[in-house]
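# Structure assessment
Letter by letter, the chains look like this.
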Amino acid sequence: MASNSLLVRPQKTPLRGTITVPGDKSISHRCVMLAAIAEGTSTIRNWLPAGDTLATLEAVLALGTHIEIDQHSPQAWDLKIEGRGLHSFQQPSAPLDCRNAGTGLRLLAGLMAGQSFPVVLDGSAQLRKRPMRRIIDPLTQMGARIRSSDGRAPLHIEPSRLVGTSHRLQVASAQVKSAILLAGLYAPGETRIHQPGPARDHTERMLSAMGLPLEEENSWIILKPAGLEGRQMRPLNLTVPGDISSAAFPLVAAAMIPHSQITICNVGANETRTGLLEMLRAMGANITVQDERITGGETAVDLTVHFDELHATDVAGETVVRGIDEFPIWAVAATQAAGESSVREAAELRVKEVDRITVLAGELKKMGVSIQERPDGFAISGPIRLHGASLASHDDHRLAMSLTVAGLAADSPTLVEDAACARDSFPDFVQTMRTLGADMEWVE
Ligand code: S3P
């Protein structure tokens, strides 16, 4: 049987060292899809070969795209993707399996809506529970024909002619925005999107790098599709920056474990993704940013964090959107902060891989944490002495890694069961933490 549980021992020594984290998951999904419909061969370096993104790579291969893969390291692949234009995909012989990847499925739905053949998008039991109306409705408004059972995967997408339309998003979701933009590439006329908050903008940046800049008008973004004005989609040439959502785990670990000091090199610092840095700084964390540079239209930096005493903070509004994936690990930091930390306006956490409010509260309580669940967030009183416990990941990669970091600050060993899902986004999480001196290992 493969090792699937993580045993973590209390961290008695400071975490020290310099590391990198694997490539950004959001960017890795998008560059494979967009490169496949570019006109020419794209070169992608430091691509993330994790569970979620491999499902997207396999889907694009099943659509007939030719990809040369250089697996030069287990956590960073280089890809050469032969794009043959918007209409080059072939009908796949089976449903496309997106596994646990909400981003993969929702973005592919946008891309598939404008094809001339039927396709079925499916995924794991976990993905089949996640809401898909948020993309089915706007895509249907554009003319897409999508059948589902009660707004959940599998999605049966039939060929149809799309038209550009205007959409006012109800939630600040980059997945919904990107699904509409990808479908918009196949629609004559303009596609206009109004977003209520700063959802991550990697799709817009990539389209711009490919020669299709979006226009902005008040809070609307406007896509004029590829066929218009003789414009073509140029291939991509990019190095994927490290994923700030993966850097979050060693970052919080070092902020919490006394006398730690670590540096994480080449971390993506797109401002639609840096909410956690602001939340931690507001708590007194000592984080410095060096060597800011632009790679492939995205900002990358080196981050250094020193341990310092943390105090409580309240989070709401735009910061929530800009750090939406980081609340499980932020909650762990909050257990070590003096006072009551709280997050509001974060009801989206309930429709992530799992209901991250209920599940997080349930697991942290097993370690002795005083956490109060609210409809749109939670509150944690700290600092608290964490107790080692036997915990469940609920097959949620970010929960598994967050609980593991909590285990480092506990007074006795912690076992995180079913933690192999960490590989959905951070294949070498354990190895990376061990490089810093963390005492953790896979057990059966
Ligand atoms: C993502 C967008 C976010 C985020 C997810 C990745 C993306 O989801 O939580 O992990 O790559 O577009 P929403 O768009 O649903 O907020």
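Residues numbered from 1 in each chain as written. Predicted model: local features only at pLDDT ≥ 70, side-chain atom pairs only at ≥ 80, totals over all residues. Heavy atoms only, no water.

### Some details on the pattern of salt bridges
- If you walk through the whole model with that rule in mind, you get 28 salt bridges.
- Of the charged contacts, one joins Glu441 and Arg9 as a salt bridge, the two residues approaching to 2.6 Å between their closest N and O atoms. Residue Glu441 is found in strand β25 (residues 440–443), and its partner Arg9 is found in the loop between β1 (5–8) and β2 (16–20); the two are separated by 432 residues along the sequence.
- By relative accessible area, which is 30% here, Glu441 ends up partly exposed.
- Arg374 serves as the salt-bridge partner of Glu340, at 3.9 Å between the closest nitrogen and oxygen. One end of the pair, Glu340, is in strand β20 (residues 337–343); the other, Arg374, is in strand β21 (residues 370–374), and 34 residues separate them in sequence.
- Overlapping salt bridges bring together Glu190, Arg192, Glu215, Glu217 and Lys224 as one network. (Salt bridge = Lys/Arg side-chain N within 4 Å of Asp/Glu carboxyl O. Helix = DSSP H or I, 4+ residues; strand = E, 2+ residues; numbered from the N terminus. Buried < 20%, exposed > 50% of the residue type's maximum accessible area, 1.4 Å probe, protein only.)

### Topic: the site of the ligand
- Around the ligand sit Ser26, Arg30, Thr103, Arg134, Ser173, Ala174, Gln175, Arg200, Ile324, Asp325 and Lys352, and that is every residue in its neighbourhood.
- Look at the ligand: alone it shows 380 Å² of surface, and the protein chains cover 95% of it.
- Listing elements by their share of the shell around the ligand, those giving two or more residues are α1 (25–36) and α6 (174–184).
- Partitioned by chemical class, the residues of the shell around the ligand number two nonpolar, four polar and five charged. (Near = heavy atom within 4 Å. Areas by Shrake-Rupley, 256 points an atom, 1.4 Å probe, with all protein chains shown as cover. Nonpolar A, V, L, I, M, F, W, Y, C, P; charged D, E, K, R; others polar.)

### Some thoughts on the sheet that holds strand β3 (residues 39–47)
- Strand order in this open sheet of four strands is β4-β5-β3-β14, and the pairing throughout is mixed. At either end of the open sheet lies a strand with only one pairing partner, and these are β4 (66–73) and β14 (237–239). Within this sheet the neighbouring strands show an average axis-to-axis angle of 10 degrees, counted without direction.
- Bridge count for β3 against strand β5 (residues 76–84) is seven bridges, and the pairing is antiparallel. Within the sheet, the bridge partner assigned to Trp47 lies in β5 and is Trp77.
- On the sheet, helix α2 (residues 51–62) packs against β3, β4 and β5 and is oriented at approximately 150 degrees with respect to β4. (Pairing = 2+ DSSP bridges. Axes fitted to C-alpha atoms, helices over the stretch in contact; angles between N-to-C directions. Contact = heavy atoms within 4.5 Å.)

### Describing the packing of helix α5 (residues 133–141) against α6
- Axis separation between α5 and α6 bottoms out at 10 Å; the angle between their running directions is 30 degrees. With respect to each other, α5 and α6 are oriented roughly parallel. In the crossing of α5 with α6, the sense of the turn from one axis to the other is right-handed. Every residue of α6 that contacts α5 at Arg134, Ile135, Pro138 and Leu139 is listed here: Gln175, Val176, Ala179, Ile180 and Ala183.
- Here the residues of the contact of α5 with α6 sort into seven nonpolar, one polar and one charged. (Parallel < 35°, antiparallel > 145°, perpendicular 65-115°, else oblique. Left-handed = near helix turned anticlockwise from the far one by under 90°.)

### Regarding the sheet that holds strand β12 (residues 215–217)
- Pairing is mixed in the open sheet, where four strands are placed in the order β10-β11-β13-β12. Taken across any chain shown, the strands that pair with only one partner, and hence form the sheet edges, are β10 (166–168) and β12. On average, adjacent strands in this sheet sit at an angle of 20 degrees to one another, irrespective of strand direction.
- Inspection of the sheet shows β12 paired to strand β13 (residues 220–223) by three bridges, in the antiparallel sense.

### Observations concerning the nonpolar core
- Counting 78 residues, the largest nonpolar core has Leu251, Leu280, Phe327, Trp330, Leu364, Phe378 and Phe429 as its most contacted members.
- Considering each element in turn, this core owes the most residues, 10 residues, to helix α8 (residues 244–256).
- Ignoring any residue separated from it by four or fewer positions in sequence, one finds Leu364 in contact with Ala331, Val369, Ile371, Ile380 and Leu403.
- Core analysis: the next-biggest nonpolar cluster, separate from the first, contains 68 residues, Phe89, Leu107, Leu108 and Leu214 among them. (Core = buried A, V, L, I, M, F, W, Y, C linked by side-chain atoms within 4.5 Å.)

### A word on α1
- Taking 1.5 Å as the rise per residue, α1 with 12 residues should run 16 Å; its terminal C-alpha atoms sit 17 Å apart, in good agreement.
- Looking only at α1, the buried set comprises Lys25, Ser26, Ile27, Ser28, His29, Arg30, Cys31, Val32, Met33, Leu34, Ala35 and Ala36.
- For α1, the N-terminal cap is Asp24; the gap from its side-chain oxygen to the backbone nitrogen of Ser26 is 3.0 Å. (Expected span 1.5 Å × (residues − 1). Polar contact = N/O pair within 3.5 Å; in protein donor to acceptor, adjacent residues only side chain to side chain.)

### Considerations on the domain arrangement of the protein
- Parsing the protein into structural domains produces domain 1 (5–23 + 241–443) and domain 2 (25–239).
- Opposite the 33 residues of domain 1 that make contact, domain 2 presents 26 residues.
- Both faces combined, the contact of domain 1 with domain 2 buries some 2500 Å², and carbon together with sulfur accounts for 46% of it.
- Contact with domain 2 buries area across many residues of domain 1, yet Arg273, Glu353 and Asp424 alone supply 20% of it, more than any other trio.
- Our enumeration of links across domain 1 and domain 2 arrives at two salt bridges.
- Taking the shortest distance from any N to any O, the salt bridge between Glu348 and Arg134 comes out at 2.9 Å.
- For the pair domain 1 and domain 2, the interface holds 16 residue pairs in polar contact (both at pLDDT 80 or more).
- Those elements that provide at least two residues to the side of domain 1 that touches domain 2 are α10 (318–322) and α13 (397–408). (Domains from an automatic or database assignment. Buried area = accessible area lost by both parts, 1.4 Å probe.)

### Comments concerning the pairing of strand β7 (residues 119–122)
- In this structure, strand β6 (residues 96–97) lies alongside β7, joined through two bridges in parallel fashion. When the sheet's bridge partners are listed, Leu96 is paired in β7 with Leu121.
- The β-α-β motif built from β6, the intervening helix α3 (residues 102–113) and the parallel element β7 has right-handed crossover chirality.
- Examined bridge by bridge, β7 and strand β9 (residues 152–158) share three bridges and lie antiparallel to one another. Bridging from a neighbouring strand, Val120 pairs with His156 of β9. (Right-handed = clockwise from strand over helix to strand, strands pointing away.)

### Some points on unusual backbone geometry
- Following Ala153, the chain continues into Pro154 via a peptide bond in cis, with omega recorded as 5 degrees.
- Along the polypeptide, Pro154 turns up in strand β9.
- Notably, Arg99 is not glycine yet its phi reads approximately 50 degrees, a positive angle.
- Looking at where Arg99 falls in the secondary structure, it is placed in the loop between β6 and α3.
- Despite not being glycine, His394 shows a phi value in the positive range, around 55 degrees.
- Checked against the element boundaries, His394 lands in the loop between β23 (390–392) and α13.
- Given the relative accessible area of 36%, His394 is considered partly exposed.

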